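# A look at the structure
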Amino acid sequence: MSRVWNFSAGPAVLPAEVLEQVKDELLDWHGAGCGVMEMSHRGKEFTSIIEAAEADLRELLGIPANYRVLFLQGGATQQFAQIPINLLPAGKSADYLVTGSWSKKAVKEAQRVVAGTANVRVAGSTEASGFTRFLDAGEIDLDPNAAYLHLCTNETIHGVEIDCARLPATAVPIVADLSSHILSRPVDVSKYALIYAGAQKNVGPSGVTLVIVREDLLGRAPATIPTVMDYAVMAENGSMLNTPPTFAIYVSGLVFQWLKRQGGLAEMEKINAHKAELLYACIDGSEGFYRNPVRVADRSRMNVPFTLARSELDADFLAEAKAAGLVSLKGHKSVGGMRASIYNAMPTDGVRELVAFMDDFRKRKA
Ligand code: PMP
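What comes next is a walk through the structure. Residue positions are counted from 1 within each chain, in the order its sequence is given. Per-residue local features are limited, in this predicted model, to residues with pLDDT of at least 70; the limit for side-chain atom pairs, both in listing and counting, is 80 or more; totals at the level of whole chains, interfaces and linings are taken over all residues.

## Section: the sheet that holds strand S2 (residues 67–72)
Formally: Strands are treated as partners if at least two bridges between them are detected by DSSP. For helices the rule is a DSSP run of H or I covering at least 4 residues; for strands it is a run of E covering at least 2, with both sets numbered from the N terminus onward. Angular values range over 0 to 180 degrees, each being the angle between N-to-C directions of two axes fitted as lines to C-alpha atoms, with helices fitted over their stretch in contact.
Pairing in this open sheet of seven strands is mixed, and the strands run S2-S10-S9-S8-S5-S3-S4 from one edge to the other. In this open sheet, the two edge strands, each paired with only one partner strand, are S2 and strand S4 (119–125). Between one strand axis and the next, the sheet turns through 20° on average, direction left out of account. Note that strand S3 (residues 93–98) and strand S5 (residues 149–152) share two bridges and pair parallel. In the sheet register, Asp95 faces S5, and the bridge partner there is Leu149.

Okay, here's the thing in structure tokens:
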């Protein structure tokens, strides 16, 4: 078996140790006589799996007791709709910050689901400058009466990231899309009213979406919304109103255990900061051969987009990288160029190999 260095933005690389454990337990989980995929979600075995996953996630993120953890389906994209359906009542307005493709999509979907009943307002956007930085405080125009403020703290396509220390100062509930950097660094959950994240980048397989929601936000949805879309009902039923994505929850739980073995999120942050430094140093030190357009203070540690000054070399770069075992480096079609996603499960050695390849490629082609 040979595994590549996988820089995919998601679904993304998972820790090899976790995959080995899944392999070992695939046909017979802990003597149950069947695998997790085959067992009832209501049985004691799966109940122990989801309870351990929640407890480990709470420990890793330091989730306060007045927050509920939900394991939902539909991806982060479903949250783009589920958030306004639950939290934006008729006649009210919600603020959105637009700092990349994903927060822009969130606005569009919110506008669609509340059209004609409530207002979705852009309280700041960096689109005119090409989504190459986060908003400065003076560019954010907040409505103090907004039902909530929505933002994306790591824009996966544009590679723009902020941490919780840089959230806008507001008394309005903050709702945030952490899909592509959750668990990569410590986070003060109490600063948010609701955090959501699709699993397939830094958590586990696709199919499960994490929602961490403060209890006072539950029960605000109109009675006419679909039951599976109602946060309060999902919370009351321990995410098991209907069949949850059991296998994805199980693998995510193993990733949480792996993260605890690595020393938790403070340790992951050190490793991730170092990996990002190696890659940005290679780009910035390339005398313009490679270029990342994001303002330095706002650069993502997880998703590093870069272009080659001579875009005619793009195809060679990708082909030679692939031959060297470095895959999924093609940038998102909306921005072009390259993107290296270096999530928790990408070892520092993988980043070192990428940097060595990039340095060598530049020397040969410059
Ligand atoms: N938000 C962000 C920041 C993302 O990166 C993505 C997926 N790339 C989404 C939302 C959409 O997620 P999903 O595919 O799980 O719906």
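That was the structure; now back to the text.
## Notes on the site of the ligand
Using the following cut-off: Being near a molecule or strand means, for a residue, that its backbone-placed C-beta atom lies within 6 Å of it. Note that Gly is not counted as nonpolar here; it falls among the polar residues with everything else outside the nonpolar set of Ala, Val, Leu, Ile, Met, Phe, Trp, Tyr, Cys and Pro and the charged set of Asp, Glu, Lys and Arg.
Taken together, Gly10, Gly75, Ala76, Thr77, Trp102, Cys152, Thr156, Asp177, Ser179, Ser180 and Gly198 make up the full set of residues near the ligand. Residue contributions to the shell around the ligand peak at three residues, all from helix H3 (residues 75–87). Here the shell around the ligand is built from residues that sort into three nonpolar, seven polar and one charged.

## Some points on helix H4 (residues 101–114)
Quick note on the threshold: To estimate the expected span of a helix, subtract one from its residue number and multiply by 1.5 Å. Put plainly, a residue is buried at 20 or more neighbouring C-beta atoms within 10 Å of its own, exposed at 12 or fewer, and partly exposed in between, counting only other residues' C-beta atoms, which are placed from the backbone. Working definition: the arc comes from the directions between the helix axis and the C-beta atoms, pointing outward to the latter. Working definition of a contact: two residues with C-beta atoms, positioned from the backbone, lying within 7 Å.
With 14 residues, H4 should cover 20 Å at 1.5 Å per step; its first-to-last C-alpha distance of 20 Å lies within 8% of that length. Buried residues of H4: Trp102, Ser103, Ala106, Ala110 and Val114, and no others. For H4, the angular spread of the buried residues around the axis is 95°, confining them to a single face. Opposite the buried face of H4, by more than 90 degrees, sit the exposed residues Lys108 and Arg112. Its buried side turned inward, H4 meets H3, S3, S4, S5, strand S6 (154–155) and strand S8 (174–177). Gly116 sits one or two positions beyond H4 and adopts a positive phi of about 80°.

Just geometry here; none of it tells us what the structure is for.
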